[in-house]
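Secondary and tertiary structure notes
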Amino acid sequence: MKVLKFGGTSVGSASRMKEVVRLIADGERKIVVLSAMSGTTNKLVEISECLYGKRLREAAEMIDGLEAVYAGHVEELYSTDEYREKGKKIIKEHFDYLRSFVKDIFTLYEEKIVLAQGELISTKMVYNYMLEQGYDAAFLPALDFMRTDRLGEPDINYIRKHMAGMLGSGDGCIYITQGFICRNAFNEIDNLQRGGSDYTASLIGAAIDAEEVQIWTDIDGLHNNDPRIVENTSPVRSLTFDEAAELAYFGAKILHPACIIPAKRAGIPVLLLNTMQPEAPGTLIAGNCTGGGIKAVAAKDNITAIKVKSNGRLPASGFLRKVFEIFESYMVPVDMVCTSEMNVAVATDKTAHLDEVADELSHYGEVAIDTDMCIACVVGDMGRHNAGTMKTVVDALAEMPVRMVSYGSSDNNIAFLVRAADKKQALCALSRALFSC
Ligand code: ADP
Ligand code: ASP
Ligand code: MG
């Protein structure tokens with residue numbers, strides 16, 4: 001069975017929803033993962049910010065405004081009075097529920113529930129449209145099977161066990177479920193972080209041992225650079241799991257940072273396709289890929305670099321161990337690292353607890369922190385016989401200050417820490433040097 005995920009733009013209007021149903025209704029049994037309609041999760045984030053700030057009237061107005069938009073979608077989506085009424089009822093239930101949060105107490109717990117409403121509404125809208133049109137569809141509530149553990153990591157055994165119990169044997173049945181949302185180890189509503197519907201699809205794929213995971217979005221596959229920043233980017237037709245995982249982790253927004261990992265572990269190919277141009281070939285991500293060389297460039301934002309110069313209290317090996325223990329104890333992930341005899345520099349995108357980390361590190365050396373940085377990363381096949389890549393890349397960045405470089409940890413990544421202000425220039429220069437555009 002295949003798992004197909006459609007992102008926010010793909011279900012961003014009534015007509016797009018109808019197009020998605022046209023694409024999925026080919027008589028084959030499949031699981032379809034849907035995001036919230038585009039813009040909805042951002043709006044729910046804004047509503048949450050108002051509620052945190054106790055701007056209750058503003059929050060109420062935003063909820064009413066969003067409800068009016070959905071009322072329009074429902075009118076357009078259904079063609080019978082019966083389903084229009086059903087649609088209106090669904091919208092009213094969810095927006096009345098949202099209004100129940102317009103009160104003084106608003107915590108992370110309530111925020112997670114608010115953020116979940118977008119996917120809950122979009123899936124119910126599409127599912128009912130399929131029923132109205134007479135398709136064989138079933139509704140799979142993600143909150144009944146998608147779960148994270150105490151560390152916030154997906155609980156793959158739980159997901160596998162619960163999914164197995166929920167899938168009937170219907171031949172052509174199309175199962176509709178929500179991306180992004182889950183329950184946590186305390187059974188509370190939670191999510192897989194922004195962009196998490198890709199991750200949902202890959203986790204489901206791994207849980208049911210799917211034949212393929214398809215990520216349908218608004219662009220023809222993964223491009224060789226960020227098309228929002230660089231002009232004339234072009235699609236990369238084939239990537240290995242490792243290359244795609246690096247690109248996702250290092251900021252290629254088309255994929256959630258962790259979504260390739262479950263597919264890679266289970267050996268399930270991931271195909272990136274364009275809902276607006278379904279016949280386009282897209283990008284295939286698999287164990288092997290066709291064509292070597294440099295594949296793509298990406299950049300990860302909001303990076304902070306922490307440099308520690310040892311005060312000599314610990315021997316060199318003990319110093320490194322201590323530094324990483326401190327990062328581990330505050331659960332601050334390390335995205336990049338460089339060392340010399342007396343110094344270590346670490347880059348991370350998590351700023352929570354950074355003051356505590358710096359404070360503890362200061363017992364072992366002098367600490368310096370650089371904020372507003374980004375990691376620009378070049379991904380492809382850089383096996384040891386591939387001479388010259390490093391020179392091309394370094395030459396491309398010759399005009400800007402590079403703060404850290406990471407090369408050699410794997411055969412498919414070179415990463416540079418540069419100032420966030422230099423990101424566009426770095427990405428454009430790398431595209432010119434590597435892809436002549
Ligand atoms: P969805 O809502 O379908 O999940 P996203 O907005 O999350 O879609 O991801 C698709 C977008 O990712 C594209 O429209 C594009 O602007 C952006 N993007 C950033 N880097 C890349 C890249 N290297 N290749 C393709 N798209 C990219
Ligand atoms: N709706 C969620 C978001 O906007 C999840 C997703 O689209 O993948 O982040
Ligand atoms: Mg996305």
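Here is a short report on the structure shown in this document. Because the structure is a prediction, the values reported are computed rather than measured. (Residues numbered from 1 in each chain as written. Chains lettered and ligands numbered in written order. Predicted model: local features only at pLDDT ≥ 70, side-chain atom pairs only at ≥ 80, totals over all residues. Heavy atoms only, no water.)

Strand order in the open sheet formed by six strands is β12-β13-β11-β14-β16-β15, with antiparallel pairing between adjacent strands. Because the sheet does not close on itself, it has two edges, and the strands there are β12 (336-339) and β15 (402-407). Taken over all neighbouring pairs, the strand axes of this sheet differ in orientation by 25° on average, direction set aside. Here strand β14 (residues 365-380) runs beside strand β16 (residues 413-419); their pairing, made up of seven bridges, is antiparallel. Paired with V378 across the bridge in β16 is I414. (Pairing = 2+ DSSP bridges. Helix = DSSP H or I, 4+ residues; strand = E, 2+ residues; numbered from the N terminus. Axes fitted to C-alpha atoms, helices over the stretch in contact; angles between N-to-C directions.)

A word on the site of ligand 2. Lining the immediate environment of ligand 2, one finds S35, T41, E119, F180, R194, G195, G196 and S197. Between T41 and ligand 2, the recorded distance is 2.8 Å, taken from a side-chain N or O atom to a nitrogen atom. S197 has a polar backbone atom sitting 3.0 Å from an oxygen atom of ligand 2. Taken together, the residues that form the shell around ligand 2 break down as one nonpolar, five polar and two charged. (Near = heavy atom within 4 Å. Polar contact = N/O pair within 3.5 Å; in protein donor to acceptor, adjacent residues only side chain to side chain. Nonpolar A, V, L, I, M, F, W, Y, C, P; charged D, E, K, R; others polar.)

Moving on: a nonpolar patch on the surface. Where nonpolar side chains cluster on the molecular surface, the patch consists of V402, V405 and Y407 and spans about 220 Å² of accessible area. Looking at where Y407 falls in the secondary structure, it is placed in strand β15. (Patch = residues over 30% accessible without salt bridge, like charges linked within 9 Å, V, L, I, M, F, W, Y side chains within 5 Å. Areas by Shrake-Rupley, 256 points an atom, 1.4 Å probe, with all protein chains shown as cover. Salt bridge = Lys/Arg side-chain N within 4 Å of Asp/Glu carboxyl O.)

Empty space within the second largest pocket amounts to approximately 170 Å³. Contributing to the lining of the second largest pocket are D242, A245, E246, Y249, F250, P257, I261, K264 and N412. The element best represented in the lining of the second largest pocket is helix α8 (residues 241-249), accounting for four residues. For the lining of the second largest pocket, a count of residues per class yields five nonpolar, one polar and three charged. (1 Å grid on protein atoms, 1.4 Å probe; cavity = no way out; pocket = protein on both sides within 12 Å on 5 of 7 lines; lining within 4 Å. Points joined across faces, edges and corners; volume = space filled by probe spheres on them.)

Here we come to the pairing of strand β11 (residues 294-310). In terms of burial, β11 is a largely internal element, 12 of the 17 residues being buried. When β11 meets β14, the two strands line up antiparallel, connected through 13 bridges. Of the residues in β14, the one forming a bridge with A305 is D370. Summarising the sheet, β11 and strand β13 (residues 343-348) pair through six bridges and their orientation is antiparallel. (Buried < 20%, exposed > 50% of the residue type's maximum accessible area, 1.4 Å probe, protein only.)

This next bit is on the side chain of E212. Relative to the assigned elements, E212 resides in strand β7 (residues 212-217). K2 provides the closest opposite charge to the buried, salt-bridge-free E212, at an N-O distance of 4.1 Å. A polar contact of 2.7 Å, which involves the side chain of E212, links it to the side chain of Q214. Ignoring anything within four residues of it in the chain, the contact list for E212 reads M1, K2, V3, I268, P269 and L271. (Lys, Arg positive; Asp, Glu negative; His and termini not counted. Contact = heavy atoms within 4.5 Å.)

Bringing the side chain of K30 into the picture now. If you trace the backbone, K30 turns up in strand β2 (residues 30-34). Overall, the relative accessible area of 3% leaves K30 in the buried class. Setting aside its immediate chain neighbours within four residues, K30 contacts M1, K2, L4, I24, C173, I174 and Y175.

Turning our eyes to something else, we now look at the site of ligand 1. Lining the immediate surroundings of ligand 1 are 15 residues, of which K5, T217, D218, H223 and K253 lie closest. The contact in question runs from an oxygen atom of ligand 1 to an N or O atom on the side chain of K5, over 2.9 Å. The protein chains hide 87% of the 560 Å² of surface that ligand 1 would expose on its own. When grouped by side-chain class, the residues that make up the shell around ligand 1 number four nonpolar, six polar and five charged.

Further remarks concern the packing of aromatic side chains. For the structure shown, the criterion picks out seven aromatic pairs. A centroid spacing of 5.6 Å and a plane angle of 20° characterise the contact between F6 and W216, whose relative ring orientation is stacked. Of the two residues, F6 is situated in strand β1 (residues 2-6) and W216 in strand β7; the sequence distance between them amounts to 210 residues. Just as F6 is buried, W216 falls in that class too. (Phe/Tyr/Trp six-rings, centres within 6.5 Å; stacked < 30°, edge-to-face > 60°.)

With that settled, consider the environment of I159. Within the fold, I159 resides in helix α6 (residues 156-166). Considered as a pair, I159 and P281 are 122 residues apart in the sequence and their alpha carbons are 31 Å apart. Every residue in contact with I159, bar those within four places of it in the chain, is listed here: F145, M146, R147, P154 and A207.

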